[in-house]
Amino acid sequence: ENVSVGTMLRGFCRHLSRRVIKVGESATYVRTWTADDIDKFAEFSQDYNNVHFDPAEGERLGFGHNRILHGQAYGTMFTNLLGNTLPGPGSIYCSQTMTFKKPVFCGDTLTATITVSDVKPESGVLFLDCKIVNQHGQVVTTGEAVGLNRDAELVK
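The rules behind these values
Residues numbered from 1 in each chain as written. Predicted model: local features only at pLDDT ≥ 70, side-chain atom pairs only at ≥ 80, totals over all residues. Heavy atoms only, no water. Phe/Tyr/Trp six-rings, centres within 6.5 Å; stacked < 30°, edge-to-face > 60°. Helix = DSSP H or I, 4+ residues; strand = E, 2+ residues; numbered from the N terminus. Lys NZ or Arg CZ within 6 Å of the ring centre and 35° of its normal. Salt bridge = Lys/Arg side-chain N within 4 Å of Asp/Glu carboxyl O.

(A) Representation of the packing of aromatic side chains. This model, assessed by the stated rule, comprises three aromatic pairs. Summarising the aromatic geometry, the rings of F41 and F44 are spaced 6.5 Å apart at their centres and angled 50 degrees between planes, so their arrangement reads as tilted. Placement of both F41 and F44 in helix 2 (residues 35-45) is noted, with a separation of three residues, approximately one turn of the helix. When the ring centre of W33 is taken as reference, the NZ or CZ atom of R31 above it lies at 3.8 Å.

Printed below as a string of structure tokens:
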């Protein structure tokens, strides 16, 4: 079968520009969360639990007098990192576990970090350790994610 020079060059150039992802590589994303974020996430998810809207409810439950963010809302910080940074475009987000260790409040600035803990180069699967800390350096969420990226070169 005849293959055009253009087709060969595109394949060759794609191979040359392949991103290399190594175990131990990490990426971070920082964001400050607001009352508007809670309102938008509640509308999207239809989760109108009173703890997200009434500071007195948070206080009654022992979390202080403030609105508490939806855990799944700030969990999307991992989505941002996997889809945009590490492994990045062309990735498929396969699974995620999250453990919520401390509440997150309106006005908190969170830093999410994902770190490649293992790879399966033959299949394009990446395993990532996930962590979110607040502006006080307290870990608020930990977890693990699995991603798939067959466009990157994965290195143990």
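Past the structure itself, the notes keep going.
(B) Just the pattern of salt bridges, in detail. By the definition in use, this model includes six salt bridges. With a shortest N-O distance of 2.7 Å, E25 and R19 are connected by a salt bridge. Among the ionic pairs, D118 bridges to K156, the shortest N-O distance being 2.9 Å. Placement of the pair is D118 in strand 4 (residues 109-120) and K156 in the segment after strand 7 (153-155), with a sequence separation of 38 residues.

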